[in-house]
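Listed here are the chains, written in short residue letters.
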Amino acid sequence: MAEHGATVLRVCRAVLGPADADDAWSETFLAALKAYPRLPADANVEAWLVTIAHRKAIDVTRAAARRAVPVADVPEPPPAGQADGRDTELADALAALPRRQREAIAYHYLAGLPYQDVAAITGGSTDAARRAAADGIARLRKTYPGAALPDGENS
Amino acid sequence: MTMNHEPDLRHALPAVTEAELAALRDRLPAVTEAELAALRDRLAARADAEGVLDVAYRTLDTPVGTLLLAATEAGLVRVAYPVEGHDQVLQALAARVSPRMLNAPRRLDPAAREIDEYFAGRRRTFDLPLDFRLSGGFRRTVLSHLPDIGYGHTASYAAVAAAAGRPRAFRAVGTACATNPLPVVVPCHRVIRSDGSLSGYAGGPAAKQALLTLEAA
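Bear in mind that the values here come from a model prediction, so they are computed numbers and not experimental data.

Q: Help me out: how do you make sense of the overall build of chain B in this one?
A: Of regular secondary structure, chain B possesses 9 helices and 6 strands. For chain B, whose C-alpha radius of gyration is 24 Å, the value lies well above the compact-globule estimate of 17 Å for 217 residues. Overall, chain B is about 80 × 40 × 35 Å in size when its C-alpha atoms are taken along their principal axes. Split into buried and exposed, the 217 residues of chain B put 34% on the buried side. Considering only contacts in chain B between residues 6 or more positions apart, those separated by 24 or more positions represent 59%.

As structure tokens, this is what we get:
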């Protein structure tokens, strides 16, 4: 289980952003630890962990919404670039995508799950999962100016 | 069910290039080992508090190699030498004790400290709760008598068999020592042949000799 820690954290960050990802990661592995003895020996552990992470990410989002106190109708400021000089532009562009697109990209491209598994996790059809990922990638090509997306409409 | 039009959809959607995939994987902020270690520590503490950490383990560098230490809530359950294959030992623990297992050093702090003190020559007996669940029957009886052989002393297999109440069972004593789940802490290294030769040891003959030399100093 330990070897999937990094992948699950990347997935949680892509879906939730860095601030809430740690909570989702912890809840995911705690739940996995509790359920592990009932997991069939031949199960795909990574797909199972991403499935739990998906549910925990939803829980974390709901909890955050309950905690949020509406002060004024002001949009969130864009997250500041990290002080350690990391490239957060792609993470920011990802964070701006609709949730379904973020989930499809995270589960398919970061966790490496086939679209059939992605659809089983998010609900909906395999085609819908494939389209959500493709729409998200198309949007990233527009919003992420990084040179590493060569086929996009780079500025 | 969706197989029929999947190929069409694949062509209709823009392909994701290798470079884009690499960007997704590499340009997102990296998950550092320090971040993961901090998360694992917090997880271990919570799992322990909620009673779902059945086996905690860590490694410890010693003069006889890197030892794997594992503990249940009852106590130290396994000490393993590198030659035993730490991964195999962990798999066996998952199968025989519980798969609820984490690299969680805190539970092993007392054991690590005492073993460090032992190798530094500052400790002669171990004062740790031990979980003997990996050893049963006569083997367990034998192991329970091994701490009676004092630091710096040795005993023959026959002598240990006699102490364990079955004087003729010296072969079984050999088996009990060879399968000792808690080497170093339960001193099977102090059991040698009647002619003084060392015979086998889970950590290899060099490790057995090193422990006896340490204790003779």
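After that view of the structure, there is still more to cover.
Q: In this structure, what is going on with the overall build of chain A? I would like to understand it.
A: Regarding its fold elements, chain A presents 7 helices and 0 strands. Traced from its N-terminal end to its C-terminal end, chain A shows the element sequence α-α-α-α-α-α-α. Counting the 155 residues in chain A, one finds 39% classified as buried.

Q: Hey, could you run me through the pairing of strand β2 (residues 65-71) of chain B in this one?
A: Looking down a regular strand, the side chains alternate between one sheet face and the other. Residues and elements named next belong to chain B. Along β2, 5 of the 7 residues are buried, which leaves the element largely enclosed by surrounding structure. As judged from the 7 bridges shared by strand β1 (residues 55-62) and β2, these two strands associate in the antiparallel manner. Bridge pairing links T62 to G65 in β2. From the end of β1 to the start of β2, which pair antiparallel, there are 2 residues. Pairing between β2 and strand β3 (residues 76-80): 4 bridges, direction antiparallel. Bridge pairing in β3 places L69 opposite V79. As consecutive antiparallel partners, β2 and β3 are separated by 4 residues, and within that stretch G75 has a phi angle of approximately 155 degrees, a positive value.

Q: Got a minute to help me understand the packing of helix α5 (residues 99-110) of chain A against helix α6 (residues 115-122) of chain A in this structure?
A: When two helices pack together, their arrangement is captured by the angle between the axes and the distance separating the axes. All names here are of chain A. It is at 10 Å that the axes of α5 and α6 come closest, and there the two elements cross at 135 degrees. The angle between α5 and α6 falls in the class oblique. Our pair here, α5 against α6, has a crossing hand that is right-handed. Residues R100, E103, A104, Y107 and H108 of α5 touch α6, and the partners they reach there are Y115, V118, I121 and T122. Partitioning the contact of α5 with α6 into residue classes produces 5 nonpolar, 2 polar and 2 charged.

Q: When you look at the confidence of the model for chain B in this model, what are you seeing that I'm missing?
A: Any residue range with low pLDDT should be treated as having predicted coordinates unsuitable for detailed reading. In this model, chain B carries an average pLDDT of 90, and 93% of its residues clear a pLDDT of 70 or more. Per-residue pLDDT stays below 50 along residues 1-7 of chain B; that stretch engages in 4 contacts with residues further than four places along the chain or on separate chains.

Q: For this particular structure, what's the right way to read α5 of chain A?
A: For an α-helix, 3.6 residues make a turn, and residues three or four places apart therefore share a direction. Counting buried positions along α5 of chain A gives 10 out of 12 residues, so the element sits mostly inside the fold. Turning to α5 of chain A, its buried residues number three or more, namely Q101, R102, E103, A104, I105, A106, Y107, H108, Y109 and L110 of chain A. Buried residues along α5 of chain A sit against α1 (5-16), α3 (45-67), α4 (89-95), α6 and α7 (126-143) of chain A together with α2 (18-27) of chain B. Directly after α5 of chain A, the chain includes G112 of chain A, whose backbone phi takes a positive value near 75 degrees.

Q: Can you walk me through the nonpolar core in this structure?
A: Soluble globular proteins tend to bury their nonpolar side chains together. Grouped together as the largest cluster of nonpolar side chains are 96 residues, with contacts concentrated most on V11 and C12 of chain A together with A56, L69 and V173 of chain B. Counting residues per element, this core draws most heavily on α1 of chain A, at 7 residues. Each of domain 1 (33-119) and domain 2 (137-216) of chain B contributes no fewer than three residues to this core. Once you skip the residues sitting within four places of it in the chain, L69 of chain B turns out to touch Y57, R58, L60, L76, V79, L108, A111 and A112 of chain B.

Q: I keep staring at the sheet that holds β2 of chain B and nothing clicks. Help me out?
A: Adjacent strands of a sheet pair through backbone hydrogen bonds, lying either parallel or antiparallel. Residue and element names in this part refer to chain B. Strand order across the open sheet formed by 4 strands is β3-β2-β1-β4, with mixed pairing between neighbours. The open sheet terminates on both sides in strands that have one partner only, identified here as β3 and β4 (101-103). When the angles between neighbouring strand axes are averaged without regard to direction, this sheet yields 25 degrees. Pairing of β1 with β4, which is carried by 3 bridges, proceeds in the parallel orientation. Its bridge partner lying in β4, A56 is registered against L102. Where helix α5 (residues 109-119) meets the sheet, it contacts β1, β2 and β3, and its direction lies at approximately 20 degrees from that of β1.

Conventions adopted
Numbering of residues starts from 1 in every chain and runs along the sequence as written. Chains carry letters and ligands carry numbers; both start at the beginning, A for chains and 1 for ligands, and go up in the order they are written. Only residues with pLDDT of 70 or above have their local features reported here, since the model is predicted, and side-chain atom pairs are shown and tallied only from 80 upward, although totals for entire chains, interfaces and linings are computed over all residues. Per the convention used, a helix needs a DSSP run of H or I reaching at least four residues, while a strand needs a run of E reaching at least two, with both numbered from the N terminus. This radius of gyration counts C-alpha atoms alone. The globule rule is 2.2 Å times how many residues there are, raised to the power 0.38. Exposure is read from a count of other C-beta atoms within 10 Å of each residue's own; the residue is exposed at 12 or fewer, buried at 20 or more and partly exposed in between. C-beta atoms are placed from the backbone. We call two residues in contact whenever the C-beta atoms placed from their backbones are within 7 Å. The criterion for strand pairing is that DSSP finds at least two bridges linking the strands in question. Note on definitions: angles span 0 to 180 degrees between N-to-C directions of axes, and those axes are lines fitted to C-alpha atoms, for helices only across the stretch in contact. In this scheme, roughly parallel covers angles under 35 degrees and roughly antiparallel covers those over 145, while 65 to 115 is roughly perpendicular and the rest are oblique. In this scheme, a crossing is called left-handed if the near helix is turned counterclockwise away from the far one by less than a right angle; it is called right-handed if the turn is clockwise. Polarity classes work like this: nonpolar for Ala, Val, Leu, Ile, Met, Phe, Trp, Tyr, Cys and Pro, charged for Asp, Glu, Lys and Arg, and polar for all others, with Gly in that last group. The predictor attaches a confidence to each residue, called pLDDT, with possible values from 0 through 100. Only buried residues count toward a nonpolar core: Ala, Val, Leu, Ile, Met, Phe, Trp, Tyr and Cys, linked into one set through C-beta atoms within 7 Å. For each domain, the first and last residues come from an automatic or database assignment.

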